[in-house]
Amino acid sequence: MRVVVAIFAVGGVLIAGALALGVAIEQHPADRPSTAPPTADARCRPPEGPLTLAETDPVVAERVAVAWERVERWLVDNAAATSASWNAPASRTEMIGLQRDLGTRLPADLVISLSRHDGVRVDGFSFPPAYQPLTVREILMTVAEVCAVPGWGAGDVPFARGESGNFLYLHDGAVYRYPAMQRHADDLVDLLDRTADRLEGVSPAEYRPDIDALGRLRWVRE
């Protein structure tokens, strides 16, 4: 009888040990291969970007300044409410912080534009048909929304947002439309020049400016 009891006692110890080992293994899931799909976080965490802004070509700087002056002058003369809706200029510190977080250098024409206007307030100026310039903060937020989308490039920089989540962005200097990923203008200066031409009625275009009773600019299809 004592032998039988001893056998049962030893067996109980072995079983208890096995159960304890199983629990211990179950409590350390990191030791097992993960079957969860990889997250997009790694794709949205670029290395730190440059902490100095791009050197500005005087010719580019002049073209951007002239184009913006044409737009601003027309708004002052024709759309008072829209003319008063610009945000204050973005600081160098803010733009360098944006570069750092995006992991890429901002194009010179965008730096000049942000130095002039850090986006607009509600019902402010828009590129036709309805793309409103983004602030430094909104640029970063927009990239966070699309950084994991297939086809989105690490160096792409959005700068104006439209309706239903679409926006304009810079890719290798040229302006593209998202989500179509289609080329829209040769560069930001080209877009500014074309917008100024449409405001001034210099050339026929798909959209023309229209001013509502409150002095706000709207674009209407011809």
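This is a predicted model, so every value here is computed, not measured. (Residues numbered from 1 in each chain as written. Predicted model: local features only at pLDDT ≥ 70, side-chain atom pairs only at ≥ 80, totals over all residues. Heavy atoms only, no water.)

Quick word on the overall build of the protein chain
From N to C terminus, the protein chain includes 7 helices and 7 strands. The linear arrangement of helices and strands in the protein chain, starting from the amino end, is α-α-α-α-α-β-α-β-β-β-β-α-β-β. Pairs at least 24 residues apart make up 60% of the contacts formed inside the protein chain by residues separated by at least 6 positions. In the form shown here, the protein chain has an accessible surface area of approximately 12800 Å², with 57% of it arising from carbon and sulfur atoms. (Helix = DSSP H or I, 4+ residues; strand = E, 2+ residues; numbered from the N terminus. Contact = heavy atoms within 4.5 Å. Areas by Shrake-Rupley, 256 points an atom, 1.4 Å probe, with all protein chains shown as cover.)

Let's talk about the packing of aromatic side chains
Two descriptors summarise a pair of aromatic rings, namely the distance from one centre to the other and the angle between the planes of the rings. Within this structure, the stated rule accounts for 12 aromatic pairs. Between W152 and F167, the ring centres sit 5.8 Å apart and the planes meet at 80°, which makes this aromatic pair edge-to-face. With a gap of 15 residues between them, W152 in the loop between helix 6 (136–146) and strand 2 (157–161) and F167 in strand 3 (residues 167–171) connect regions that are remote in the sequence. Summarising the burial analysis for this pair, W152 and F167 share the class buried. Each member of the aromatic cluster is reached from another via a ring pair, and the members are W68, W86, F125, F127 and F159. (Phe/Tyr/Trp six-rings, centres within 6.5 Å; stacked < 30°, edge-to-face > 60°. Buried < 20%, exposed > 50% of the residue type's maximum accessible area, 1.4 Å probe, protein only.)

Here we look at the environment of P107
Take P107: it is sitting in the loop between helix 4 (92–102) and helix 5 (108–116). Since its relative accessible area comes to 22%, P107 is described here as partly exposed. Separated by 52 residues in the primary sequence, P107 and E55 have C-alpha atoms spaced 9.6 Å apart.

Here's the deal with the pattern of salt bridges
Counted according to the given criterion, the structure contains 14 salt bridges. Among the ionic pairs, E69 bridges to R116, the shortest N-O distance being 3.9 Å. Highlighted residues: E69 in helix 2 (residues 58–78) and R116 in helix 5, separated in sequence by 47 residues. A relative accessible area of 38% places E69 in the partly exposed class. The exposure class of R116 is partly exposed, given its relative accessible area of 25%. (Salt bridge = Lys/Arg side-chain N within 4 Å of Asp/Glu carboxyl O.)

Quick look at the pairing of strand 2
Of all 5 residues in strand 2, 4 are buried; the element is thus mostly enclosed. In the sheet, strand 1 (residues 132–133) pairs with strand 2 via 2 bridges, with the strands oriented antiparallel. Paired with P133 across the bridge in strand 2 is A160. Pairing analysis gives 4 bridges linking strand 2 to strand 3, with the strands arranged antiparallel. (Pairing = 2+ DSSP bridges.)

A word on the environment of G49
Looking at where G49 falls in the secondary structure, it is placed in the loop between helix 1 (2–26) and helix 2. Between the C-alpha atom of G49 and that of L102, which follows or precedes it by 53 residues, the distance is 6.4 Å. Ignoring any residue separated from it by four or fewer positions in sequence, one finds G49 in contact with Q99, R100, G103 and T104.

Description of unusual backbone geometry
Cis geometry is found at the peptide bond from P128 to P129, where omega equals 0°. Structurally, P129 is set in the loop between helix 5 and strand 1. For the bond from Y178 to P179, the omega torsion is 10°, close enough to zero to count as cis. As for its placement among the helices and strands, P179 is situated in the loop between strand 4 (174–178) and strand 5 (182–185).

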